[in-house]
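# Observations on the model geometry
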Amino acid sequence: MSLVELTATELLAELESGRASAVEATQAYVERIKAGDEHVGAFLRFDPQPALEQARQIDQRRKKGERLGRLAGLPVAVKDLLCSRGERTTCASRILENFVAPYDATVVARLKAADAVLIGRTNLDEFAMGGSTENSAFQKTRNPWNLACIPGGSSGGAAACVAASMAPLSIGTDTGGSIRQPAALCGVTGLKPTYGRVSRFGLVAFASSLDQIGPIARTAQDAALLLEVIAGHDPLDSTSVNRPAPRYSQTVIEPLSGLTLGLVREHFGEGLESEVETAVRQAVAVYESLGAKVKEISLPHSKYGVAAYYIIAPSEASSNLARYDGVHYGYRTDEKAMQAELAAERASASSGGGAQAVEALDSPLVRLYRRSRAEGFGPEVKRRIILGTYALSAGYSDKYYLKALKVRRLIRQDFDRAFQQVDLIVGPVTASPAFKVGEKVNDPLAMYLVDLYTVSANLAGIGGIAFPCGFSSSGLPIGLQLQAPPLEEDRLLRACHMYQQATDWHQRRPDFGF
Ligand code: GLN
């Protein structure tokens, strides 16, 4: 059996017992990426030499009997939205195409301290804005289950590389569903932790009150292993929770007894495809056979989730992205061309409209900002900046931004009430399996509605996990979502593990021919 077919937990056992070396494991993944990524496009950058060198050092240290980190020798892929010292961190945007991070994100530092082998940087929607990875400025990522389909997004590369056995573990981020949705569409396990559970220091900000980093893996056990390494308090992120992270990789195998699951009435309304509904209901039946009770509950404000999210997230984004001005960071417009443009406009203004018309022109600095941003950002990012700027503008912020914040509070209260009655909420991740590349690119509203079942967890700050619970008639994975009260990642992982012990959906691998 090839090493890439093992779960991360199994591979770690091989490495620890000496039956496989870190170099062998890394080499196996390097070969796999070389053969497959040409077709999938999961990696923005992949450089085997430093990864193999890192693996070599780990093997040497192991030979000497040195104490090694928790992930010693395991390849991990990182979404290109987290800073890694001395490496490019592009956020899949032209504006940061040549930006080299001066420091490590805390999650990257923890991976390095755990002796993980950093195997490559994965593709995403530009600045994590999107749900299909089609908004990347550099390349499209394909779904390994059907190369004509999108892998989901924004962590599309992160989910696709695990699904295609090109990395055993990867790091994603989730602002409105970007770990859970691509995990579901690619048939892998992805966990969005509680807001504050994982440090965001060094994560390039999209919407700071919603962003969270989390693991993508093949199984709950593997996700637990990765979460254990990245979770925990960080004084460098003032929103990080000051509570020790449990030993998830140990507790994950303990089954939960007396579990009550909540089935949300509003989840089974209009838009949910019947194949998805059937798979979700069958998964609920599996839980019942394992002793769980099921209760119908209501989250009455969840129907406003997408509307509130698409005000709050763009508002925060418009503020966070103000820093990309062509002066401090990243891409700057061609200044010579800009000066020539201004001179030509000045000449035509003075001959046509006189001094007033000349005055109405931009100053060179404003022109530099405008041109740099117009050329550096892609269309979806611009759309979000415009939406957010509008929602925050004087005279409108009460009507939009503040109202959305009130809805956000009501959504959180719905969850608090629900969790007085049930231990976990169970339901779909997406209304349908992966769609075709290009299918929704010209319809932003249809794209935003894909986030129907995921945004509420971000608005409420709670955790959620997505994992495969079936396949469509066309052979595409269907995901199940569990959501838990704040800081109950342990419960999510254990419940997911119970299901994966009883079923084998998570063991299926796509055969895309490479
Ligand atoms: N699809 C959502 C959006 O476009 C969520 C993105 C995310 O979680 N980063 O904003």
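For the structure, check the block above.
To start, this report covers the structure provided alongside it. (Residues numbered from 1 in each chain as written. Predicted model: local features only at pLDDT ≥ 70, side-chain atom pairs only at ≥ 80, totals over all residues. Heavy atoms only, no water.)

### With respect to the overall build of the protein chain
Here is the rule we go by: In this description a helix means any DSSP run of H or I spanning at least four residues, a strand means any run of E spanning at least two, and both kinds are numbered starting from the N terminus. When we talk radius of gyration, it's over C-alpha atoms, and the globule rule is simply 2.2 Å times the number of residues to the 0.38. Accessibility here uses a 1.4 Å probe with only protein chains present; expressed as a share of the type maximum, an area under 20% marks a residue as buried, one over 50% as exposed, and anything in between as partly exposed. We call two residues in contact whenever any of their non-hydrogen atoms come within 4.5 Å of each other.
Helix and strand counts for the protein chain stand at 18 helices and eleven strands. Taken against the 2.2 N^0.38 rule, which gives 24 Å for 514 residues, the C-alpha radius of gyration of the protein chain at 23 Å falls within 12% of a compact globule. Summarising its shape, the C-alpha atoms of the protein chain cover approximately 80 × 55 × 45 Å along the three principal directions. Within the protein chain, the fraction of its 514 residues that count as buried is 58%. Long-range pairs, those at least 24 residues apart, make up 76% of the contacts in the protein chain between residues at least 6 apart in sequence.

### Thoughts on the pattern of salt bridges
Rules: A side-chain nitrogen of Lys or Arg and a carboxyl oxygen of Asp or Glu constitute a salt bridge if their distance falls within 4 Å.
Applying the stated criterion across every chain, the model contains 27 salt bridges. Residue arginine 180 is joined to aspartate 174 by a salt bridge in which the shortest nitrogen-to-oxygen separation is 2.9 Å. When salt bridges that share partners are traced, they join Glu341, Glu345, Asp362, Arg367, Arg370, Arg371 and Glu375 into one network.

### Quick notes on the site of the ligand
The condition is simple: We call a residue near a molecule or strand when any one of its heavy atoms sits within 4 Å of it. Pairs of N or O atoms within 3.5 Å make up the polar contacts considered here, provided that, within protein, one atom can donate a hydrogen while the other can accept it, and that residues adjacent in sequence are counted only when both atoms are side-chain atoms. The Shrake-Rupley method, run with a 1.4 Å probe sphere, supplies the accessible areas, and residue values consider only the shown protein chains as cover. All residues other than Ala, Val, Leu, Ile, Met, Phe, Trp, Tyr, Cys, Pro, Asp, Glu, Lys and Arg, Gly among them, are scored as polar; the first ten of these are nonpolar and the last four charged.
Thr175, Gly176, Ser178, Tyr309 and Arg384 are the nearest of the 14 residues found near the ligand. A distance of 3.0 Å is found between a nitrogen atom of the ligand and a side-chain nitrogen or oxygen belonging to aspartate 451. Within the complex, 99% of the 290 Å² of free accessible area of the ligand lies under protein. Tallied by class, residues from the shell around the ligand come to five nonpolar, six polar and three charged.

### Side note on the pairing of strand E7 (residues 260-264)
Quick reminder of the rule: Looking down the strands as they point away from you, a crossover is right-handed if its path from the first strand over the helix to the second goes clockwise. Only when DSSP finds a minimum of two bridges between them are two strands counted as paired.
Burial of E7 is extensive: five of the five residues sit out of reach of the surface. Residue alternation in E7 divides its side chains into two sets, Thr260, Gly262 and Val264 and Leu261 and Leu263, and both sets are buried. Running through helix H9 (residues 274-289), the crossover from E7 to the neighbouring parallel element strand E8 (residues 293-297) is right-handed. Bridge count for E7 against strand E9 (residues 424-428) is three bridges, and the pairing is parallel.

### A look at unusual backbone geometry
Glycine aside, residues mostly have negative phi, and peptide bonds are mostly found in the trans state. Geometrically, the link from glycine 153 to serine 154 is a cis peptide bond, its omega value of 5° lying close to zero. Structurally, serine 154 can be placed in the loop between strand E3 (117-122) and helix H5 (156-163). The residue alanine 128 is not glycine, and still its phi comes out positive at about 70°. We classify alanine 128 as buried; its relative accessible area is 3%. For leucine 487, which is not a glycine, the phi torsion comes out positive at approximately 65°.

### Some words on a nonpolar patch on the surface
The condition is simple: Excluding any residue in a salt bridge, patches collect residues exceeding 30% relative accessible area, merging like charges within 9 Å and nonpolar Val, Leu, Ile, Met, Phe, Trp and Tyr side chains within 5 Å.
Together, Val327, Leu365, Val366 and Tyr369 line one region of the surface with nonpolar side chains, adding up to about 300 Å² of accessible area. Assignment of secondary structure puts valine 366 in helix H13 (residues 364-376).

### Section: the environment of valine 450
Checked against the element boundaries, valine 450 lands in the loop between helix H16 (444-449) and helix H17 (455-460). A C-alpha to C-alpha distance of 7.4 Å links valine 450 and glycine 131, two positions 319 residues apart in sequence. For valine 450, the contacting residues outside a window of four places in its chain are Gln181, Phe435 and Lys440.

### Looking at the side chain of lysine 192
Quick reminder of the rule: By the counting scheme adopted, Arg and Lys are positive, Glu and Asp are negative, and His together with the chain ends is not counted.
Relative to the helices and strands, lysine 192 resides in strand E5 (residues 189-192). The charged side chain of lysine 192 is buried without a salt bridge, its nearest counter-charge being aspartate 174 at 5.9 Å. One polar contact links the side chain of lysine 192 to the main-chain carbonyl oxygen of isoleucine 462, over a distance of 2.9 Å. Non-local contacts of lysine 192, meaning those with residues more than four positions away in its chain, are made with Asp174, Ile179, Arg180, Gln212, Ala457, Asn458, Gly461, Ile462, Gly463 and Gly464.

### What about the side chain of glutamine 481?
Looking at the secondary structure, you find glutamine 481 in strand E11 (residues 477-484). A residue is classified by how much of its surface remains accessible, and glutamine 481, at 2% relative accessible area, is buried. A distance of 2.8 Å separates a polar atom in the side chain of glutamine 481 from a polar atom in the side chain of arginine 180. Apart from the residues within four sequence positions on either side, glutamine 481 is in contact with Arg180, Ile425, Val426, Gly427, Pro428, Val429, Tyr453, Thr454 and Ile465.

### Side note on the packing of helix H10 (residues 305-320) against helix H14 (residues 379-392)
A pair of packed helices is characterised by two quantities: the angle between their axes and the separation of those axes. The condition that has to hold: Comment: axis = line fitted to C-alpha atoms, over the contacting stretch for helices; angle = value between 0 and 180 degrees taken between N-to-C directions. Note on angle classes: values under 35 degrees are labelled roughly parallel, values over 145 roughly antiparallel, values of 65 to 115 roughly perpendicular, and the remainder oblique.
Axis separation between H10 and H14 bottoms out at 7 Å; the angle between their running directions is 100°. In this view, H10 runs roughly perpendicular relative to H14, as classed from their interaxial angle. Of H14, the residues touching H10 (which contributes Tyr310, Ile311, Pro314, Ser315 and Ser318) are Arg384, Ile385, Leu387, Gly388, Thr389, Ala391 and Leu392. For the contact of H10 with H14, the residue count by class is seven nonpolar, four polar and one charged.

### Observations concerning the packing of aromatic side chains
Operational definition: In summary, the pairing rule links any two rings of Phe, Tyr or Trp, Trp by its six-membered ring, whose centres are within 6.5 Å, and it sorts them by plane angle into stacked for under 30 degrees, edge-to-face for over 60 and tilted for everything else.
Under the counting rule described, the total for this entry stands at 17 aromatic pairs. Centroid distance tyrosine 287 to tyrosine 499: 5.6 Å. Interplanar angle 25°. Geometry classified as stacked. Here the residue tyrosine 287 occupies a position in helix H9, and tyrosine 499 occupies one in helix H18 (residues 489-502), the gap between them amounting to 212 residues. Side by side, tyrosine 287 and tyrosine 499 carry an identical accessibility label, which is buried.

### Focus: the sheet that holds E11
Taken in spatial order, the eleven strands make up an open sheet running E1-E3-E2-E4-E6-E5-E10-E11-E9-E7-E8, and their pairing is mixed. Two strands lie at the open edges of the sheet, namely strand E1 (43-45) and E8, each paired on one side alone. In this sheet, neighbouring strand axes are inclined to one another by 30° on average, regardless of whether the strands run parallel or antiparallel. Strand direction decides the pairing type here: E7 and E8, joined by five bridges, are parallel. Opposite valine 264, over in E8, you have isoleucine 297 as the bridge partner. Of the strands in this sheet, E1, strand E2 (75-79), E3, strand E4 (169-174) and strand E6 (212-217) are in contact with H5, which crosses E4 at around 155°.

### What about the nonpolar core?
The cut-off we apply is this: Grouping buried Ala, Val, Leu, Ile, Met, Phe, Trp, Tyr and Cys residues that are joined through side-chain atoms within 4.5 Å yields what is termed a nonpolar core.
Leu71, Leu111, Phe127, Ile171 and Ile230 are the most contacted members of the largest nonpolar core, which has 158 residues in total. For this core, the leading source of residues is helix H7 (residues 220-230), giving eight residues. For isoleucine 171, the contacting residues outside a window of four places in its chain are Val76, Ala77, Val78, Lys79, Leu82, Val107, Leu111, Ala158, Ile213, Gly214, Leu226 and Ile230.

### A few points about the packing of H10 against helix H15 (residues 398-421)
To keep it simple, the criterion reads: Here a crossing is taken to be left-handed if its near helix is turned anticlockwise relative to the far helix by less than a right angle, and right-handed if that turn runs clockwise.
Running from N to C, H10 and H15 point in directions that differ by 125°, and their axes come no closer than 9 Å. Classified by the interaxial angle, the pair formed by H10 and H15 is oblique. Judged by the twist between their axes, the crossing of H10 over H15 is left-handed. Where H10 approaches H15, its residues Gly305, Ala308, Ile311, Ile312, Ser315 and Glu316 are matched on the opposing element by Tyr400, Tyr401, Ala404, Leu405, Val407, Arg408 and Ile411. Its residues assigned to classes, the contact of H10 with H15 shows nine nonpolar, two polar and two charged.

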